[in-house]
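# Coordinate analysis (summary)
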Amino acid sequence: MKNLAKTYNPKDFEDRIYGMWEEKGAFNADIDRDKKPFTIVMPPPNITGQLHMGHALDQTLQDILTRWKRMQGYSALWLPGSDHASIATEVKVVEKLRNEKGIDKHDISREEFLEYAWDWKREYGGRITKQCRKLGDSCDWRRERFTMDEGCNHAVNEMFISLYKKGLIYKGDRIINWCPSCETTLSDAEVEHEDVDGHYWYFRYPAADGGEGITIATSRPETMFADVAIAVAEGDERYADLVGKTVILPLVGREIPVITDEHADPEKGTGAVKITPAHDMNDFEVGQRHELDASLSCIDEHARMTALAGKYEGMDRYECRKAWVKELEEAGYLVKIDDLTIPVGKCYRCHTVVEPRISDQWFVAMKELAEPAIKAAEGEGGELVHVPKRFEKIYLNWLYDIRDWCISRQLWWGHRIPAYYCDDCGETVVDTKMPEVCPKCGGRHFHQDEDVLDTWFSSALWPFSTLGWPEKTSELEYFYPNSVMVTGYDILFFWVIRMVFSGLYTMGEIPFKYVFLHGLVRDEQGRKMSKSLGNGIDPLEVIDEVGADALRFMLATGISPGNDMRFIRGRLEAARNFANKLWNASRFTIMNLMGEDGEFLPMADADTAVLRDEDKWIISKINDGAKEITADLDKFELGLAGQKIYDLIWDVYCDWYIELVKGRLYGDDEEDKKTARYVLQRTLKDLLKLLHPYMPFITEEIWGYLPAEAAKADNPDGLLIRSAWPEYDAELDYSDAVRRIDTAMDVIKAVRGIRYEAEAAPSRKVNLIVKTDNLGDIIASVEHHICKIANVGTINIEASDAAAPDDVMSAVIEGAEILVPLEELVDISAEIERLEKEQKKLEGEVTRVEKKLSNQGFVSKAPAAVVEEERAKGDKYREMLETVNARLESLRNR
């Protein structure tokens, strides 16, 4: 086939194009000392996952940047991979075993379970990477990694051992977040905080000496069984006589002391708080300061009450709450109940309410690691740049307040902690393999720690472990640090912060220069997509319906850095229509490049082309556009850049240039035809290059039908994906020609507007009167374009102060007034009504500008050029308004 198919159907070529790219190694990034490296590591999707709209947005943005940098001449590596996702995968495997084989995890050995888990990974683990290909991801699939592959496991063990030897990893009894459903610990970042309707119950604790005692408020009365103290603020006169004495735990009968501590806020509640170190993060810290007993625990790992709760032992925590409050009320200890909004922590995976409890776990000491990560982002001179910048404050606040990171998980699937315990003396040995002899007692019998590491421990090493660390590989030396990390703001704490301090610790430099954070994809009503709401949209279904290019373009142009976007079906259809418009315009161009024999007709080149104004106009427009688009991409304003590409293709090329040049293609001037063909294909190629990162499939397909470019060493097949990105060329600044064609367009649009207002048929030829003092020569030079495109018979140019005929309709453009005789169009009353609307519009613009310029805050703070631009707008609007007022007065006085 010599031309594109008549109808745009992405199913005809998207898979074929992707296969061709892979076959020709178009995504491969190799060490090339003659090129600068550009590196992105893909945030590894869970092997349990399926491509969702958040992945589609995230990966589209990464692919745009990668394709753009590849075209700019970088050795652009987009390194793909997937995450083992400890909790999520274990849950899936447990469910599969239970539902399909009737096997309970606890009825088989660890080794047997892991065999099933690896089988599950082999069966489902590659599913999402296949889906990434449907989206068009230009990853170097040769380098695909898995967070539990041999190399990543080696890196994890080396990191653990290094931190342990430096005293930055330790094991101890500390308060942790516990998920009773997943039956594992969670880090602070894995706890989602949600405000729910709840209560504060006020209970009286009688004084041991028979006095009134003290009243406290709690939202968790079921934890009272483990209370060890009551804290009040130092200097709180209400409780001065009670400090140092004891009160009695209601109904339990155990005496607990009244202490002073900064945790108590005299302005909140009663100013007194119960201290339960085993079940509250803050209370644990109070207990540490006062050496209180932290061993008393009344809720177990299944969220059921322990023996400490007496008759409530074995009861669910919330069932106990109801019964215990009722018993306290009946005994006269309940003072009152306040209905309040209570912050509750939930497991990020299963959304069960988390239970703080003391447990013997492994921790990373964070203070020393956090300091360089803070320094890297602080101030204007910080090495690490957040896009948008407002997330820098969130990043820093998290690090300022960071607590030690609990990294052990009570799971089987994951990186098993490389700690071994001597069976004879209990000595702990941390090493890459089980030791043969105990360094303490000489014993030879060991067992390994049962727990695995937090998934995010291995993910934190992703920017460098995937490049070969801890080995000093050439890939690590060339591609590290990464150039940018593209990810959602929702995992800034989970992942980004941990990558930063891990990179600084291991490599001595930040893992990436930029953190480009995007928001969530919400539904049309602004709601988060979820299974429970049933509002999720499958990107693969969208791709099947409209093609990957339309989905990508809609996602990329619908965002601004850091902000959520709405998935709006109308915008998806608009993106599909845009692809269709480009397809049809390209078909027209290709058709006019070919002769009847299907071979390309002769065309000019850069040296022989004799450019007309319209040729210079489009070349200059695309040249300026390339400069602006590149600047936007440099600032990660991918939405703005995409919109400018859209405007260049839809408006400049399709709607205007093709119309301006069409007549020349069918004329008798053979040399001019050659120039017209040359400019048509040259500008289309530049536009395809600009659009390619956003819509790679359609652009590569069209590119293949255009005259081939000379083969180059780094692009022997002449593929668009490897072609050079358009660069701004000052010699292509044809400002005079641009002004002439822009003026012709203004006149044409004015005539079309007059026809529309008059409801006159476009086929009816009209004559124009143009009143102007400085545009006469320009309009005369483009008269042939105006007459042809706007269906105009004659154009009479007169001075701006010349008397206008009585019966005309008019429109004002900058520097001129366009008049059309009324008898050719409509009645006078319709023209008066139209002018009154224009008068109102211009009065509004004048008022807006004057109001803006009267605002001293704007005038003093805005750049001088911006203020001057507003003044110029005001002058222009006032001049246009004067012309409209004069015409109205003339018509009304008839």
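Residues numbered from 1 in each chain as written. Predicted model: local features only at pLDDT ≥ 70, side-chain atom pairs only at ≥ 80, totals over all residues. Heavy atoms only, no water.

## Looking at the overall build of the protein
The cut-off we apply is this: Strands here mean DSSP runs of E at least two residues long; helices mean DSSP runs of H or I at least four residues long; both are numbered from the N terminus. Here the term buried applies to any residue with accessible area under 20% of the maximum for its type, exposed to any over 50%, and partly exposed to those in between, with areas from a 1.4 Å probe on protein chains only. We call two residues contacting when some pair of their heavy atoms lies within 4.5 Å. In these tables, accessible area is a Shrake-Rupley quantity obtained with a 1.4 Å probe, and a residue counts as shielded only by the protein chains included in the view. Two residue types count as positive, namely Lys and Arg, and two as negative, namely Asp and Glu; His and chain ends fall outside the count. Lysine's charge is taken at NZ, arginine's at CZ, aspartate's at CG and glutamate's at CD.
Helix and strand counts for the protein stand at 27 helices and 29 strands. By its C-alpha atoms, the protein is 110 × 65 × 50 Å across when sized along the principal axes. Considering the protein as a whole, with its 894 residues, one finds that 53% of them fall into the buried category. Across the protein, every contact between residues at least 6 apart in sequence was considered, and the portion connecting residues at least 24 apart equals 77%. Carbon and sulfur atoms make up 47% of the accessible area of the protein, which amounts to about 39900 Å² in all. The average position of the 113 basic charges and that of the 159 acidic charges among the side chains of the protein differ by 2 Å.

## Quick look at the packing of aromatic side chains
Definition in use: To pair, rings of Phe, Tyr and Trp, with the six-membered ring standing in for Trp, must have centres within 6.5 Å; the planes then decide the type, stacked if under 30 degrees apart, edge-to-face if over 60, and tilted in the middle. Two conditions define a charge located above a ring, namely a distance within 6 Å from the ring centre to NZ of Lys or CZ of Arg, and an angle within 35 degrees of the ring normal.
Taken as a whole and judged by the stated rule, the model has 34 aromatic pairs. When the centroid spacing of 5.0 Å and the interplanar angle of 75 degrees are considered together, the rings of Trp118 and Trp413 count as edge-to-face. In this pair, Trp118 sits in helix H4 (residues 110–124) while Trp413 sits in the loop between strand E17 (408–409) and strand E18 (419–422), placing the two residues 295 residues apart along the sequence. Judged by its relative accessible area of 0%, Trp413 is buried. Grouping aromatic residues by their ring pairs yields a cluster made of Phe160, Tyr164, Trp362, Trp405, Phe457 and Phe501. Positioned above the aromatic ring of Trp178, the side-chain terminus of Arg357 is 5.3 Å from the ring centre. For Lys685, the ring lying beneath its charged end belongs to Trp703, and the centroid distance is 5.5 Å.

## Digging into the pattern of salt bridges
The condition is simple: Each salt bridge in this description consists of a side-chain nitrogen of Lys or Arg and a carboxyl oxygen of Asp or Glu lying within 4 Å of one another.
The final tally for this structure, using the stated rule, is 63 salt bridges. Between Glu285 and Arg174 there is a salt bridge whose closest N-O contact spans 3.8 Å. Of this pair, Glu285 sits in helix H7 (residues 281–290) while Arg174 sits in strand E5 (residues 169–179); the two residues are 111 residues apart in sequence, bridging distant segments of the chain. For Arg403, the salt bridge goes to Asp188, with nearest N and O atoms at 3.3 Å.

## Here's the deal with the environment of Asp401
Within the secondary structure layout, Asp401 lies in the loop between helix H10 (390–400) and strand E16 (405–406). Through-space distance from the C-alpha of Asp401 to that of Lys440 is 38 Å; in sequence the pair is 39 residues apart.

## As for the packing of helix H16 (residues 548–557) against helix H19 (residues 638–665)
Put simply, the rule reads: Here an angle of 0 to 180 degrees is reported between the N-to-C directions of two axes, which are lines fitted to C-alpha atoms, with helices fitted over the stretch in contact. Any angle between 65 and 115 degrees counts as roughly perpendicular, while under 35 counts as roughly parallel, over 145 as roughly antiparallel, and the rest as oblique. Residues were grouped as follows: Ala, Val, Leu, Ile, Met, Phe, Trp, Tyr, Cys and Pro as nonpolar; Asp, Glu, Lys and Arg as charged; and all remaining residues, including Gly, as polar.
Close contact between H16 and H19 brings their axes to 7 Å; oriented N to C, the two are set at 125 degrees. Relative to H19, the element H16 lies oblique. Facing Phe553, Ala556 and Thr557 of H16, the residues of H19 in contact are Leu638, Gly639, Gly642, Gln643 and Tyr646. For the contact of H16 with H19, a count of residues per class yields 4 nonpolar, 4 polar and no charged.

## Observations concerning the pairing of strand E14 (residues 355–364)
Under the convention used in this document: Strands qualify as paired when DSSP identifies two bridges or more between them.
Judged by how many residues are buried, E14 sits mostly within the fold: 8 of 10 residues are covered. Pairing of E14 with E16, which is carried by 2 bridges, proceeds in the antiparallel orientation. Each residue of the ladder has a partner; that of Val364, found in E16, is Trp405.

## Details of the pairing of strand E1 (residues 37–41)
Keep this limit in mind: Looking down the strands as they point away from the viewer, one classifies a crossover as right-handed if the path from the first strand across the helix to the second runs clockwise.
Where burial is concerned, most of E1 is hidden: 4 out of the 5 residues are buried. The pairing of E1 with strand E2 (residues 75–79) spans 5 bridges and is classified as parallel. Of the residues in E2, the one forming a bridge with Ile40 is Trp78. As a crossover connection, the stretch from E1 through helix H2 (residues 53–71) into E2 is right-handed.

## Some details on the side chain of Ser810
By secondary structure assignment, the location of Ser810 is in strand E28 (residues 808–813). Setting aside residues no more than four positions away along its own chain, Ser810 makes contact with Ile754, Glu817, Ile818, Leu819, Glu831, Arg834, Leu835 and Arg887.

## Here we look at a negative patch on the surface
Just so we agree on the cut-off: Patch members must show over 30% relative accessible area and no salt bridge, and they are joined within 9 Å when carrying like charges or within 5 Å when they are nonpolar side chains of Val, Leu, Ile, Met, Phe, Trp or Tyr.
There is a patch of like negative charges on the surface, built from Asp746, Asp773, Asp801, Glu814, Glu879 and Glu882. By the element assignment, Asp801 lies in the loop between strand E27 (792–798) and E28. Given the relative accessible area of 69%, Asp801 is considered exposed.

## A look at unusual backbone geometry
Here the amide bond leading from Val387 into Pro388 is cis, since omega sits at 0 degrees, within 30 degrees of zero. Tracing the backbone through its elements, the reader meets Pro388 in the loop between strand E15 (385–387) and H10. The step from Tyr480 to Pro481 runs through a cis peptide bond, and the omega angle for that step is 0 degrees. Relative to the elements of secondary structure, Pro481 occurs in the loop between helix H13 (474–479) and strand E22 (482–488). The backbone of Glu183 sits at a positive phi, close to 55 degrees, despite the residue not being glycine. Relative to the helices and strands, Glu183 is located in the loop between E5 and strand E6 (184–186). For Ala303, which is not a glycine, the phi torsion comes out positive at approximately 65 degrees.

## Some remarks on the environment of Ser560
Stated precisely, the cut-off is as follows: Within 3.5 Å is the distance limit for a polar contact, defined as a pair of N or O atoms, with the added protein rule that one can donate a hydrogen and the other accept it, and that residues adjacent in sequence qualify only through two side-chain atoms.
Position of Ser560 relative to the elements: it lies in the loop between H16 and strand E25 (565–566). Placed 80 residues apart in sequence, Ser560 and Leu640 show a C-alpha to C-alpha distance of 8.1 Å. Among the polar contacts made by the side chain of Ser560, one reaches the side chain of Asn563 at a distance of 2.8 Å.

## What about the sheet that holds E14?
Spatially, 4 strands are ordered E6-E5-E14-E16 in an open sheet, and the strand pairing comes out antiparallel. The sheet terminates laterally at E6 and E16, the two strands that pair on one side only.

## Remarks on the sheet that holds strand E7 (residues 191–205)
Spatial ordering of the open sheet is given by E8-E7-E13, a layout of 3 strands whose pairing is antiparallel. Every interior strand has two partners, whereas the edge strands, strand E8 (214–218) and strand E13 (334–347), have only one. Put simply, the sheet's adjacent strands are angled 20 degrees from each other on average, direction ignored. Running over the sheet, helix H8 (residues 317–330) touches E7 and E13 and is turned about 20 degrees from E7.

## Quick look at the environment of Ile618
Tracing the sequence through the fold places Ile618 in helix H18 (residues 613–634). In this structure, the C-alpha to C-alpha distance between Ile618 and Cys347, residues 271 residues apart in sequence, is 56 Å.

## Quick notes on helix H5 (residues 127–135)
Threshold: This arc describes the spread of directions from the helix axis toward the C-beta atoms.
Among all positions of H5, only Ile128, Thr129, Gln131, Cys132 and Leu135 are buried. The buried residues of H5 all sit within an arc of 155 degrees when viewed along its axis, so they share a single face. Structurally, H5 contributes buried residues whose contacts are with H2, helix H15 (539–546), H16 and helix H21 (696–703). Directly beyond the C-terminal end of H5, a positive phi value near 105 degrees is found at Gly136.

## Some points on the packing of H2 against H16
Running from amino to carboxyl end, H2 crosses H16 at an angle of 90 degrees, the nearest separation of the two axes being 9 Å. On the basis of their axis angle, the class for H2 and H16 is roughly perpendicular. Here Met53, Ala56, Leu57, Thr60, Leu61, Asp63, Ile64 and Arg67 of H2 lie close against H16, whose contacting residues are Leu551, Arg552, Leu555 and Ala556. Considered class by class, the residues forming the contact of H2 with H16 number 8 nonpolar, 1 polar and 3 charged.

## What to know about the state of the cysteines
Heads up, the condition is: Here, the term disulfide refers to a pair of cysteine sulfur atoms separated by no more than 2.5 Å.
The final tally for this structure, using the stated rule, is 0 disulfides. Not part of a disulfide, Cys438 finds its nearest cysteine sulfur in Cys425, a span of 3.7 Å.

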